[in-house]
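Chain and residue survey
Here's the letter readout for the chains.
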Amino acid sequence: MRDIIKITDLNKSFDGVKAVQSLSFRVKEGELFAFLGVNGAGKSTTINILCGQLSCDSGTVIIDGENLQESISQIKTKLGVVFQSSLLDKALTVKDNLESRAALYGITGESFKQRLSQLSKMLDFEDLLKRNVGKLSGGQRRRIDIARALIHNPKILILDEPTTGLDPQTRRLLWNVISNLRKKENMTVFLTTHYMEEAADADYVVILDSGRLIAEGTPLQLKNTYTGDFITLYGTDEATVKTLGVPYEAIREAYKLSVADTSAATELIIKHPEIFRDYEITKGKMDDVFLAVTGKKLTGGTEK
């Protein structure tokens with residue numbers, strides 16, 4: 001797969017504070033790319049630079065083979081962006097919001113009607129077209145935000161905390177739509193999220209801290225590098241668990257043992273078959289990776 005986004009040695013400061021420092025990474029065409037970091041790590045700053053909302057101090061941004069600084073107008077037509085805060089006009093209806101947005105890309109008349117019909121079916125808002133955006137629920141408004149970003153069939157969809165605060169049903173709908181678009185249209189999705197289960201489904205993950213890239217790789221690579229495996233052991237007591245000589249924690253009706261990797265887990269089980277009669281082996285999660293890499297837990301909120 002070719003690189004559809006290539007960032008090299010990107011830097012940006014605000015009043016002497018370095019928001020992004022020597023940042024370099026690549027996004028492959030068609031992949032789900034997760035961009036993670038605590039509040040203030042530099043995620044939104046980077047996204048604003050990608051979208052042409054901010055200029056960088058130094059570095060290069062290549063999007064779909066074009067230099068951002070030289071071809072910003074052409075590049076913007078290839079991007080669809082869903083920001084943390086909705087950009088919809090609350091005083092207008094859903095249809096009017098989307099019609100005015102489509103007009104910016106020259107999508108009018110019958111072409112707009114066809115695109116509106118596609119998106120309203122896809123995102124299940126056919127019954128909301130005449131409603132004022134200000135009267136919609138948060139989940140309904142987020143569906144319209146996604147439609148606004150998709151109105152011109154962008155090559156790259158940038159999602160900045162798209163599902164924060166949404167109910168599980170709406171989150172599931174949005175991810176089903178995004179998954180189908182990636183399969184059918186090879187759309188690239190650039191995601192920031194505070195939900196680690198969403199990051200775990202990504203093809204590639206970059207983790208930022210204080211504006212610097214501190215870890216990157218597939219979810220499996222990151223789990224293997226930064227976390228161990230866990231054995232959940234049932235039907236035993238704490239005194240027996242202590243004899244194994246590995247770190248553990250008591251959980252409901254079981255004990256959770258920490259081991260270096262699957263090989264270490266296998267070795268321990270083979271060595272003590274009389275203890276391991278009922279157990280499960282699981283890999284560390286992306287939450288464990290993030291905590292190991294940054295020393296922090298990922299929580300919701302807004303950032304610069």
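Parameters at a glance
- Residues numbered from 1 in each chain as written.
- Predicted model: local features only at pLDDT ≥ 70, side-chain atom pairs only at ≥ 80, totals over all residues.
- Heavy atoms only, no water.
- Core = buried A, V, L, I, M, F, W, Y, C linked by side-chain atoms within 4.5 Å.
- Buried < 20%, exposed > 50% of the residue type's maximum accessible area, 1.4 Å probe, protein only.
- Contact = heavy atoms within 4.5 Å.
- Pairing = 2+ DSSP bridges.
- Helix = DSSP H or I, 4+ residues; strand = E, 2+ residues; numbered from the N terminus.
- Axes fitted to C-alpha atoms, helices over the stretch in contact; angles between N-to-C directions.
- Right-handed = clockwise from strand over helix to strand, strands pointing away.

Some words on the nonpolar core
The biggest cluster of nonpolar side chains holds 47 residues, and the ones touching the most others in it are Leu36, Val94, Leu98, Phe125, Leu159, Val205 and Ile207. Setting aside its immediate chain neighbours within four residues, Val205 contacts Ala34, Leu36, Ala199, Ala215, Glu216, Gly217, Pro219, Leu222 and Met286. Counting 28 residues, the second-largest nonpolar core is a separate cluster that includes Cys51, Cys56, Val206 and Leu208.

Here's the deal with the sheet that holds strand β14 (residues 279–283)
One open sheet holds the four strands; their spatial order is β12-β13-β11-β14, and the pairing between them is antiparallel. Only two strands of the sheet have a single neighbouring strand rather than two, namely β12 (248–251) and β14. Here the average twist between neighbouring strands, direction ignored, is 20 degrees. Pairing between β12 and strand β13 (residues 254–259): four bridges, direction antiparallel. Bridging across to β13, Ala250 finds its partner in Tyr255.

Topic: the pairing of β13
As paired strands, strand β11 (residues 229–234) and β13 are joined by six bridges and run antiparallel to one another. Each residue of the ladder has a partner; that of Thr232, found in β13, is Lys256. Counting the residues that bridge the hairpin from β12 to β13 gives two residues, and of these Glu253 lies at a positive phi of roughly 60 degrees.

Considering the pairing of strand β7 (residues 156–160)
As a general feature of sheets, a regular strand has side chains that alternate between the two faces. In terms of burial, β7 is largely enclosed, as five of its five residues are buried. Across the two faces of β7 the burial is the same, with Ile156, Ile158 and Asp160 and Leu157 and Leu159 all buried. With four bridges joining them, strand β6 (residues 79–82) and β7 adopt parallel strand pairing. Note on β7: the bridge partner recorded for Gly80 is Leu157. One ladder, built from five bridges, connects β7 with strand β8 (residues 188–192); its direction is parallel. Residue pairing in the sheet places Leu157 in a bridge with Val189 of β8. Handedness of the β7-helix α6 (residues 168–185)-β8 crossover: right-handed.

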